[in-house]
Structure formats: structure tokens, C-alpha cells
Amino acid sequence: MLFGGGLSFLSWAGKVAGATFMFPVVAAFANPVKSAPLRVIAGYCMFGFLQSMAMSLLSTRGEHNLWLIHLFIPVQATMFLWALALWQTRERMRMTVGMIVPLYLIVWLALTITVESFDTFPRYVKIVEGLLIITVSAYTLLTRSQQINGPVTSYPWFWVCSALVMYLSFGAIVNPVSSLLLPHAPDRVAFMSSVNAVLLTLCNLLF
């Protein structure tokens, strides 16, 4: 999805990862869910699919597409934190996570205007997003696991939170590192992007 043309593993991995965004969306339509957090995740996946298709189209044309990653980050962060807020067991924590959303959007805007560049991968905003969502996801897993009777794997929050921790543990660093390496070692960037695509595929399957 970075470099136009070619049937490289990166190209195929990116396209497969983009297509898997539709799995949760199709599942949500085939078996309508009443859970508000799951509806938010399904909505995120729809936006993720559209973004992935747009990036693939621009890549095929040989046009720059990294600016789409920058614009998608606030959408992704907002919807993940929104879903996690709805899964909190305490009203105070639900409000706290909800308040993080506008604060992050302010940080994203400030960093995007001042230090980020649409010509390369996002650096600082991705790290902040990853740390926030991993922390809230891990906290959600911990607190909700203490209040259940059945197997933890029977609850949707377990799969979603586990997927977020797994994916963003790598995703939070792959873009900043790629931004540093892109001018000097594009082959390493392509490899990391392929790994990221595989992890994104697993994340969407867990959703």
C-alpha cells in the first residue's frame, strides 16, 4: 500500500488486511447486535475498509497515500475509545474515558499542525494513540474479568480488548519507526508494513 504497482507481499498483505475490515461489518448486518460497543466497532471497520480501499487506489495510481493515515488516526482513536468507554463497569471511569477523546483530538491537531508531516508516516500522534488505547484496553480486561462467572472468552469485550492490545502494541511504533527509516531503508519499511498488515488481519478476525 506504500509503493504503487507490483504484486509484492506487501501489496497483497495490505489488500487482504483491508478486505478483512468487512468481516465484522458483514457479521453485524447478518446477526444484528444490540451491544452499543460492538456497533461502534462495526462502524470503525466500515471506515477502515473505505480508508484501505482509498489507499490501495492511490497506490495503484502511483500517487502519495500516507496523508490518509494521518486523517484516519483521529477517527480510529475516537471510535476505539468510544467503544471502550461503553464497556466500563463504573460510571466515573466511563466518563473519564469519554473525556479522553476530545483531549486526544486536541493533541492530535496540535501535533499534526506543528511537528507531523503528511509526506511521511505519523510519528508522535500514533505513539500517543497507541499508549492510550492499550492502557484503557488492558484496564478494561482487568476490571471486567473480576466481575464475571463464566469463561472470559464468552464475552465480546475480551476479544476486542485483546485484539487492540495485540495490534497496537506493534502499531504504535511501526509508523514512527517507518517514518525514520523511509528515506534510508524502504525495504525495512516494507517488511514492517507487511507485519503490520498481518496483525491488522488478525485484529479484524478477532473483532
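Enquirer: How would you sum up the overall build of the chain? Please name residues and give values.
Expert: Along its length, the chain carries eight helices and zero strands. For the chain, the N- to C-terminal ordering of α and β elements is α-α-α-α-α-α-α-α. Here the chain has a C-alpha radius of gyration of 17 Å; the compact-globule value for 207 residues is 17 Å, and the two agree. Over its C-alpha atoms, taken along the principal directions, the chain stretches across nearly 50 × 40 × 25 Å. For the chain, the exposed area adds up to about 10500 Å²; of that, 71% sits on carbon and sulfur atoms. Here the chain holds 11 positive side-chain charges and 6 negative ones, and the gap between their average locations is 14 Å.

Enquirer: Residues and numbers for the packing of aromatic side chains, please.
Expert: Applying the stated rule across the entire model yields seven aromatic pairs. An angle of 65 degrees between the planes, with centres 6.3 Å apart, marks the rings of F80 and F207 as edge-to-face. Linking F80 in helix α4 (residues 67-86) with F207 in the segment after α8 (186-206), this pair joins segments that are 127 residues apart in sequence. Of the two residues, F80 and F207, both sit in the buried class. Within the aromatic cluster, the residues linked to one another by ring pairs are F21, Y44, F72, F80 and F207.

Enquirer: Quick rundown of the packing of helix α7 (residues 156-181) against α8? Include the residues and the values.
Expert: Think of two packed helices as two axes; the pair is described by the angle between the axes and how far apart they sit. Put simply, α7 and α8 touch, their axes get as near as 9 Å, and they point 165 degrees apart. By the criterion of interaxial angle, the relationship of α7 to α8 is roughly antiparallel. Crossing of α7 over α8 shows left-handed handedness. Side by side, α7 and α8 meet where W159, A163, M166, Y167, F170, G171, V174, V177, S178 and L181 of the first sit next to P186, R188, V189, M192, V195, N196, L199, L200, L202, C203 and L206 of the second. Of the residues assigned to the contact of α7 with α8, the class counts are 17 nonpolar, three polar and one charged.

Enquirer: Explain the confidence of the model for the chain to me, and be specific about the residues and the numbers.
Expert: Looking at the chain as a whole, its pLDDT mean stands at 87, while 95% of the residues score no less than 70. Note on residues 1-7: pLDDT is under 50 here. Beyond four places in sequence and across chains, it has 26 contacts.

Enquirer: Now, about the nonpolar core: what can you tell me, with residues and values included?
Expert: In this structure, Y44 and F207 are the most contacted members of the largest nonpolar core, which totals 35 residues. Of all the secondary structure elements, the ones that give two or more residues to this core are α1 (9-20), α3 (36-60), α4, α5 (91-114), α6 (124-145), α7 and α8. Top element by residues in this core is α7. It accounts for eight residues. Filtering out sequence-adjacent residues up to four positions away, F207 remains in contact with P24, I41, Y44, C45, F80, V160, A163 and L164. Listed in part, the twelve residues of the second largest apolar core include A77, Y104, W108 and F121.

Enquirer: So what about α8? Which residues, and what values?
Expert: Helix length check: α8, at 21 residues, gives a terminal C-alpha distance of 30 Å against a target of 30 Å (1.5 Å per residue), a fit within 8%. Looking at α8, one finds that the buried residues are V189, A190, M192, S193, S194, N196, A197, L199, L200, T201, C203 and N204.

Enquirer: So what's going on with a nonpolar patch on the surface? Which residues, and what values?
Expert: A surface patch of nonpolar side chains, about 360 Å² in accessible area, is lined by F23, V198, L202 and L205. For L202, the position within the fold is in helix α8. You can call L202 partly exposed: its relative accessible area is 41%.

Enquirer: Hey, could you go over the environment of V136 for me, with residue numbers and the actual values?
Expert: Among the secondary structure elements, V136 is positioned in helix α6. For V136 and V97, which are 39 residues apart along the polypeptide, the C-alpha to C-alpha distance reads 7.8 Å. Aside from chain neighbours lying at most four places away, what touches V136 is L81, L84, Q88 and V97.

What counts, and at which threshold
- Each chain carries its own residue numbering, running from 1 in the direction its sequence is written.
- Confidence filtering applies because this is a predicted model: local features only for residues at pLDDT of at least 70, side-chain atom pairs given and counted only at 80 or more, and all residues used for totals across whole chains, interfaces and linings.
- Side-chain numbers come from the whole structure's heavy atoms, not from hydrogens or water.
- Labels follow the DSSP assignment, with helices taken as runs of H or I lasting at least four residues and strands as runs of E lasting at least two, numbered in each case from the N terminus.
- As defined in this context, the radius of gyration uses C-alpha atoms, and a globule is described by 2.2 Å times the residue total to the power 0.38.
- Where accessible areas are quoted, they stem from the Shrake-Rupley method and a 1.4 Å probe; at the residue level, only the protein chains shown are allowed to cover.
- Charged residues are defined narrowly, with Lys and Arg counted positive, Asp and Glu counted negative, and His plus the chain ends left uncounted.
- Working definition for charges: the position is that of NZ of Lys, CZ of Arg, CG of Asp or CD of Glu.
- Ring geometry is summarised as follows: Phe, Tyr and Trp rings, the Trp one being its six-membered ring, pair when their centres sit within 6.5 Å, and such pairs are stacked at plane angles under 30 degrees, edge-to-face over 60 and tilted between the two.
- Throughout this description, buried means an accessible area under 20% of the type-specific maximum (1.4 Å probe, protein chains only), exposed means over 50%, and partly exposed covers the range between.
- Fitted lines through C-alpha atoms serve as axes, helices being fitted only where they are in contact, and the angles separating the N-to-C directions of these axes extend from 0 to 180 degrees.
- Reported orientations rely on four angle classes, namely roughly parallel under 35 degrees, roughly antiparallel over 145, roughly perpendicular from 65 to 115, and oblique for the rest.
- Crossing handedness is read from the near helix: turned anticlockwise from the far helix by less than a right angle, it gives a left-handed crossing, and turned clockwise, a right-handed one.
- Whether two residues touch is decided by their heavy atoms; if any such pair falls within 4.5 Å, the residues are in contact.
- The nonpolar class holds Ala, Val, Leu, Ile, Met, Phe, Trp, Tyr, Cys and Pro. Asp, Glu, Lys and Arg form the charged class, and all remaining residues, Gly among them, are polar.
- The predictor rates its confidence in each residue with pLDDT, a number between 0 and 100.
- Take the buried Ala, Val, Leu, Ile, Met, Phe, Trp, Tyr and Cys residues and link them wherever side-chain atoms come within 4.5 Å; each set so joined is a nonpolar core.
- One less than the residue count of a helix, multiplied by 1.5 Å, gives the span that helix is expected to have.
- Only residues whose relative accessible area exceeds 30% and that form no salt bridge are eligible for patches; like-charged ones are grouped when within 9 Å, while nonpolar side chains (Val, Leu, Ile, Met, Phe, Trp, Tyr) are grouped when within 5 Å.
- What makes a salt bridge here is a side-chain nitrogen of Lys or Arg within 4 Å of a carboxyl oxygen of Asp or Glu, nothing more.

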